[in-house]
Amino acid sequence: FNLWAVRAVRAVRVSSIRPAPLLTATPVRTLVDEQTCIKASFLPSNHPVTVCARMRSDEGDLWQSFAHYNSNSRGTFDLNSDLSVGGSYSGCEPMGLFWSMQPAPGERDGLRLRKKCVESPYTVHISLLEGHVSPNQEPVKELAAVTAERWYMAPGVKRQEIRQNGLVGTLFIPPGPGPFPAMLDMWGMGGGLPEYRSSLFASRGYASFCLAYVGHKDLPGPPNTINVGDSYFQAAFQFLQDHSHIAADKVGIVGLSYGCYLTFHTATLAGVKPACLIGINGPVGSSRELLRVNAFSFMTLLSLKHILCILQILMKPLVLMQLEEITCPLMFVVGEDDMSASSIENADLIEETLRAAGKSHLFTRLSYPGAGHLIEPPYSPMSRASFWAVKPKKREMMTLWGGHPAPHAAAQEDAWKKMLEFMELNLRPKLTASVLHVKAKRQ
Amino acid sequence: MSQAVPPLLSVRPSRALVDEKFSVLVENLPPGCPVTIRSLYQSEDKDFWEAYGHYVSNHKGTVSVSEDISLGGTYTGKEAMGLLWSMRPIPGSRKGLRLRKKDTCAPMLVTISVYSGHGDVRDQAPLASALVERWHVAPGVQRIEITEKGVRGTLFLPPGPGPFPAMLDLWGGGGGLQEYRAALLACRGFASLALEYLKSNDTKPKGLDMKYFETAFEIIRSHPQVIPDRVGIIGLCFGTLMTLSLAAECPTIKPRCIVCISNIHSKSNENTIQEFPQEIPEKYNKIHMMEDVVVWRDMGLAVLEVGHPKVKVGNIDCPMLLINGTDDQNWPTVEVASDIIKTMREAGKESLVTRLDYPDAGHLIEPPFSPHFRAANFMLHGTKKKVMMLWGGKTKPHADAQEDSWKKILSFLQLHLYGAPSLKANL
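Residues numbered from 1 in each chain as written. Chains lettered and ligands numbered in written order. Predicted model: local features only at pLDDT ≥ 70, side-chain atom pairs only at ≥ 80, totals over all residues. Heavy atoms only, no water.

Caption draft 1: The overall build of chain B, seen in detail. Counting secondary structure elements, chain B contains 8 helices and 21 strands. When burial is assessed residue by residue, chain B has 61% of its 427 residues classed as buried. Across chain B, every contact between residues at least 6 apart in sequence was considered, and the portion connecting residues at least 24 apart equals 70%. About 16200 Å² of surface is accessible on chain B, with carbon and sulfur atoms providing 53% of the total. (Helix = DSSP H or I, 4+ residues; strand = E, 2+ residues; numbered from the N terminus. Buried < 20%, exposed > 50% of the residue type's maximum accessible area, 1.4 Å probe, protein only. Contact = heavy atoms within 4.5 Å. Areas by Shrake-Rupley, 256 points an atom, 1.4 Å probe, with all protein chains shown as cover.)

Given below as structure tokens:
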């Protein structure tokens, strides 16, 4: 014991002010389909806190989520391993703050989160609040914050607007020399040109062409009807095959909702030989009747599902013929709580048709209980219902999509992974030793 | 005829902070295929830097840089980040280059490509490539230029309400304003002020006034989002001399802890730290010239031996972290560290010191994954004379030192600036 040691110990002062706890998100810039780990430290031990995430859509609407956690005895918590005990989600959900977001109180009704500009990220402000609170109740004490960016495009992906030969779409090409496998990407009858799935495919190494076919200013004819025919979709497929950066025999097609019908239909057109098909919650039949506004004027919150069921019974013979002609693997994704399309029935129909044609080995069904119609890239918030513009715009109606947040989020995460694996298998065949051996023998 | 689809190269995460690791994966190669994975970066000065490793794919046709072993190139062995830290200027570049980011708000764009074979790949087209962003700032980090009360520097604030602990960041004798370490510290939760105290375009060396540093420290301390008694100082090289002086001899600056990288503690004379970078070389002609490269190490040893005035480190009352490389050719920093510890022991304060000596590391121990340069151009401060200075270090051990020391710096700072150390007697 000496005086100098005592002096040294006394020199380590206790601060009268404590620093704010540390909140981290790693990595802090991710692609939308990647996870980020959210952790906090330097909290008091066994302390109640709220984590709140907020971001603005491209239209300026505020979306938010929150969850209640308790720090452990070391004053830390980790969303990867700890449990939410309340809020927008419960249980152990590493990405819960992202997929459970809903429009903040006071925002417009009937919103759906869809990124218009894929070249800029979503900026998510994640805050740590004192106690188990709702972020909108006053007063809230913010202890710490971190900002995360969620991107729809990886660095080096090129985006090209395509307006040639009558085609209206956007092409995304991965970085590098290529040639790349590719996907033709189609959405539903809401129209427009959602680019965000294609940009993500390109970020995963697949060139992707999202195609507009209805409700787009650059398309011919009135916006409330489909004014393009079979030759349009054939041209779109051909465009990909002819592209210098794309491997002509490695082109697949993916579609959601009405885009799903178009996916199967295009696959049976002359000259179109896709390497694989992915359909999500879509009808396997179509009628011009569907496109007439009048058909919807009775349907306020009535689900489209029932109308389509009736139509399918009428359509059966036509549908069977189309599906029989498919010669490539087909993956069909079903949200079992889909209130907009009769997805389960459609899946059964496809399966039955292919079995009858001796092609069941081509069929893969992914079925998700509790998931709704809009099975989109993972960790995106869902809307059980939203305003869906059926032209003319004045006749906007609230459309019920179905799905419940947690099972729908799980479906999006699982389906995306499996879709990418399916594409990997069919568009990027592995050059195993046995394949090379067979190739060598043939020469 | 089936058109071959080339291999898939992916780097995750594709956007990361510069002190974060990434995984580079190549898939869909033929099995047992020799490939070269190469990184290419064009600096802000328009020079090209590259690194590469030689790999062989496994039976599944994949190469994983994190898991597999590089058999040759600018790095060998299992090195997840070798494609960054082993970078050097491409052949034909100007001599003596050093890689330092000036614009901290824009990312470094690095192209990673895979080529067939183990030969010279520069004329070949790659099989596949990916673009990676390496950032010095996280979203939400604020960059504020400071020009008040005569103080010049850049303050980086972490996102969030705070209050935050803070750091004063002092670079070395090269002068100017280097922001990249302060930016990274802000990403890790520390409000940080990178201070310019040796202007690189001064033709005559200016006296270094303690008042300048006091004012800078006060600016940090009084910032509304900074906790006044949780401010530390980090310095490298000549910055260490300043750090030690401020902690030991300046009554108004009481850092909560200090980090000294590549220690120097010799002053030009008893009372001032003026004109040190120019005066010392003139006084002691033990500078070696090895093939046009200036080596100051032996001069530094001579300075130590003759008992030249040094900072009275015995007055320092806060925890200190000393980081040095044993192959430092610019100054005998390991010997300096030993001398500092000897003085602290005599003052009964050895328990305040944590010492990290890194074998075969050189002088410029920077944030992780930055390239190493054994010698580089250096402008002697206060002159217009540019020399090639030998910094020392062997590339792989130096890279290890950078990676390890950064982790240890962050945990040291977290302990002393975020933690609330109790008054447990260390007796």
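Having seen the structure, we can now continue with the description.
Caption draft 2: Representation of the UniProt feature "active site" (unreviewed entry) in chain A within the structure. Residue and element names in this part refer to chain A. UniProt records the feature "active site" (unreviewed entry) at Ser-257, Asp-338 and His-373, using the numbering of this structure. Judged by maximum C-alpha separation, these annotated positions cover 117 residues in sequence but sit close together in space, the widest gap being only 10.4 Å. Along the chain, the position of Asp-338 falls in the loop between strand E16 (330-335) and helix H7 (343-356). By relative accessible area, Asp-338 is classed as buried at 1%. Looking at where His-373 falls in the secondary structure, it is placed in the loop between strand E17 (363-368) and strand E18 (385-389). His-373 sits in the buried class, given a relative accessible area of 1%. Sequence-distant contacts of His-373, that is, excluding residues within four places in its chain, are made with Leu-256, Ser-257, Asn-281, Asp-338, Ser-340, Ala-341, Trp-401 and Gly-402. Polar contacts involving the side chain of His-373 include one to the side chain of Asp-338, which spans 2.7 Å. (UniProt positions renumbered as here; feature names shortened; annotations may be inferred. Polar contact = N/O pair within 3.5 Å; in protein donor to acceptor, adjacent residues only side chain to side chain.)

Caption draft 3: Molecular detail of the packing of helix H2 (residues 180-187) of chain B against helix H8 (residues 395-418) of chain B. Residues and elements named next belong to chain B. In contact at an axis separation of 12 Å, H2 and H8 are set at 55° when each is read in the N-to-C sense. Between H2 and H8, the angle falls in the class oblique. The two elements H2 and H8 cross, and the hand of that crossing is right-handed. The residues of H8 that touch H2, namely those facing Arg-181, Leu-184 and Leu-185, are Trp-406, Leu-410 and Leu-413. Residue classes in the contact of H2 with H8 are distributed as 5 nonpolar, no polar and 1 charged. (Axes fitted to C-alpha atoms, helices over the stretch in contact; angles between N-to-C directions. Parallel < 35°, antiparallel > 145°, perpendicular 65-115°, else oblique. Left-handed = near helix turned anticlockwise from the far one by under 90°. Nonpolar A, V, L, I, M, F, W, Y, C, P; charged D, E, K, R; others polar.)

Caption draft 4: Just the domain arrangement of chain A, in detail. All names here are of chain A. Domains assigned within chain A are domain 1 (22-151) and domain 2 (158-291 + 307-428). One C-alpha centre belongs to domain 1, the other to domain 2, and the line joining them spans 31 Å. Across the boundary between the two partners, domain 1 contributes 22 residues, which contact 29 residues of domain 2. Of the roughly 2100 Å² buried between domain 1 and domain 2 on both sides combined, carbon and sulfur atoms contribute 58%. (Domains from an automatic or database assignment. Buried area = accessible area lost by both parts, 1.4 Å probe.)

Caption draft 5: Here's a closer look at the packing of aromatic side chains. In total, this model carries 22 aromatic pairs over all chains according to the counting rule given. On the basis of an interplanar angle of 75° and a centroid distance of 5.5 Å, the ring pair of Phe-190 of chain B and Tyr-418 of chain B is categorised as edge-to-face. In this pair, Phe-190 of chain B is assigned in the loop between H2 and strand E13 (191-196) and Tyr-418 of chain B in helix H8, connecting sequence segments 228 residues apart. Look at Tyr-418 of chain B and you get buried, because its relative accessible area is 3%. Joined through ring pairs, the aromatic side chains of Tyr-213, Tyr-232, Phe-233, Tyr-258 and Tyr-261 of chain A make up one cluster. The ring of Trp-135 of chain B has Arg-29 of chain A sitting right over it, with the charged end atom 3.6 Å from the ring centre. Residue placement shows Arg-150 of chain A over the ring face of Phe-98 of chain A; its charged tip is 4.5 Å from the ring centre. (Phe/Tyr/Trp six-rings, centres within 6.5 Å; stacked < 30°, edge-to-face > 60°. Lys NZ or Arg CZ within 6 Å of the ring centre and 35° of its normal.)

Caption draft 6: The confidence of the model for chain A, seen in detail. Confidence in the prediction of chain A, expressed as mean pLDDT, is 86, and 83% of residues score 70 or more. Between residues 288-302 of chain A, whose pLDDT stays under 50, and residues either more than four places distant or in other chains, the model counts 21 contacts. (pLDDT = per-residue confidence, 0-100.)

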